[in-house]
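# Architecture at a glance
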Amino acid sequence: LSLIILVRCAGVAALSAGHVLTLANGDLATAVAISIAAMRQSGVPPVAQLQVRLWHVLYELSTPQLAAELSFAANSNETPMEERLDQHCLHAHRLTLCLVQFGFL
């Protein structure tokens, strides 16, 4: 519901992965759940282009840059690149598991 309210106030084009993560308190699984729930029930009347934008948000959530930003917030600058790449793989696996868990794949 909060995502639909945000989109109705700010517009679909303004929605980003950062907004969804903020609504989810930084939790990837909750961000995926919020996105999938909004795709399945986009409000009455439906919000135009919301499903397309949410697919873009899910893509943003899967990018190496977002994984690095989340890792950067949790770790110091001195983390080796190899470890960051490993963290991205873990991030991608977590995202995939979330999509499967919520019945989207």
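None of the values given here were measured: they were computed from a predicted structure. (Residues numbered from 1 in each chain as written. Predicted model: local features only at pLDDT ≥ 70, side-chain atom pairs only at ≥ 80, totals over all residues. Heavy atoms only, no water.)

### Some points on helix 4 (residues 50–62)
- Between its terminal C-alpha atoms helix 4 stretches 18 Å, which fits the 18 Å expected from 13 residues at 1.5 Å a residue.
- Residues of helix 4 that are buried: Leu50, Arg53, Leu54, Val57, Leu58 and Leu61. Down the axis, helix 4 shows its buried residues gathered within 150° of arc, on one side only. (Helix = DSSP H or I, 4+ residues; strand = E, 2+ residues; numbered from the N terminus. Expected span 1.5 Å × (residues − 1). Buried < 20%, exposed > 50% of the residue type's maximum accessible area, 1.4 Å probe, protein only. Arc of directions from axis to C-beta.)

### Remarks on the nonpolar core
- If you look at the biggest cluster of nonpolar residues, it comprises 27 residues, and the most contacted ones within it are Leu3, Leu15, Val32 and Leu61.
- When contributions to this core are tallied by element, the ones reaching two or more residues are helix 1 (2–10), helix 2 (17–23), helix 3 (28–40), helix 4 and helix 6 (81–101).
- A total of seven residues in this core trace back to one element, the largest contributor, which is helix 3.
- Discounting chain neighbours no more than four positions away, the residues touching Leu3 are Leu15, Val20, Leu23, Ile34, Ala38 and Leu54. (Core = buried A, V, L, I, M, F, W, Y, C linked by side-chain atoms within 4.5 Å. Contact = heavy atoms within 4.5 Å.)

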